[in-house]
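These are the residues of each chain, in order.
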Amino acid sequence: MLELDQIAYDHAPMGLVLTEHRVIRTCNDTFAQMFGYEKKDLIGQSFRLLYGTDHEFHQVRDIGLEPLRQSLPYSDERLMLCADGNRIWCRFRARTLTPEDPLARTVLSFALIETKDSGPQLTKREREVVLLLSQGKTSKEIARDLGLSPRTVEDVRARLLKKFEVKNVAVLLARLAGLSSSPMS
């Protein structure tokens, strides 16, 4: 039965990872392929490898810790960095095995939302704002998190809506998630 368990793990339709303090201890083949790495090149690496900047890596650290402390799963959507430098939009889910120290040992899953580059490309600032918008944050909260004025965040939001030809942030996020492809949805 152990061999079947390993086959199921390695070929699951989503990336699966076990981390200890944000260091990859094991992952399945799907996860490695999703990010363009060999499994052996990911084992022992910090998750920092999959984020564009130190700021992004540190920014997402505390997101979702409260549900994990309560032994609840946590889920969100985020842009992740692949080995070739491209970014992919993923649905991320986490469950801790150590609620008293949620990041000590965590099981994560990653499912691709957007599998190909399509439409306009995002600037670094636009990626930061979209990441925080996808977490349900307001312009004021985003401004505080990024050290910007709320007006600057509103300008970035307006630019994103125009760039993707959508009417509001909900449609923008759906479009980025590949759920809607029609302009001005």
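Residues numbered from 1 in each chain as written. Predicted model: local features only at pLDDT ≥ 70, side-chain atom pairs only at ≥ 80, totals over all residues. Heavy atoms only, no water.

**So, the domain arrangement of the protein chain**
Interface size is commonly expressed as the accessible area that is lost once the parts come together.
Right, on to step 1. Segmentation of the protein chain into domains returns domain 1 (4–112) and domain 2 (124–177).
Right, on to step 2. Taking only C-alpha atoms, the centre of domain 1 and the centre of domain 2 are 24 Å apart.
Right, on to step 3. Residue-level contacts link ten residues of domain 1 with twelve residues of domain 2.
Right, on to step 4. Note on domain 1 versus domain 2: buried area summed over both sides is about 990 Å², and carbon and sulfur give 65% of it.
Right, on to step 5. Taken together, the links from domain 1 to domain 2 amount to zero salt bridges. (Domains from an automatic or database assignment. Contact = heavy atoms within 4.5 Å. Buried area = accessible area lost by both parts, 1.4 Å probe. Salt bridge = Lys/Arg side-chain N within 4 Å of Asp/Glu carboxyl O.)

**A short note on unusual backbone geometry**
Right, on to step 1. Even without a glycine there, the phi angle at His21 is positive, about 50 degrees.
Right, on to step 2. Residue placement: His21 occurs in the loop between strand E1 (15–20) and strand E2 (23–27). (Helix = DSSP H or I, 4+ residues; strand = E, 2+ residues; numbered from the N terminus.)

**Some points on the pattern of salt bridges**
Charged atoms that come close allow side chains of opposite charge to pair.
Right, on to step 1. Here the structure, examined in full by the defined rule, presents 13 salt bridges.
Right, on to step 2. It is possible to trace a salt-bridge network through shared partners that takes in Asp10, Asp29 and Lys39.

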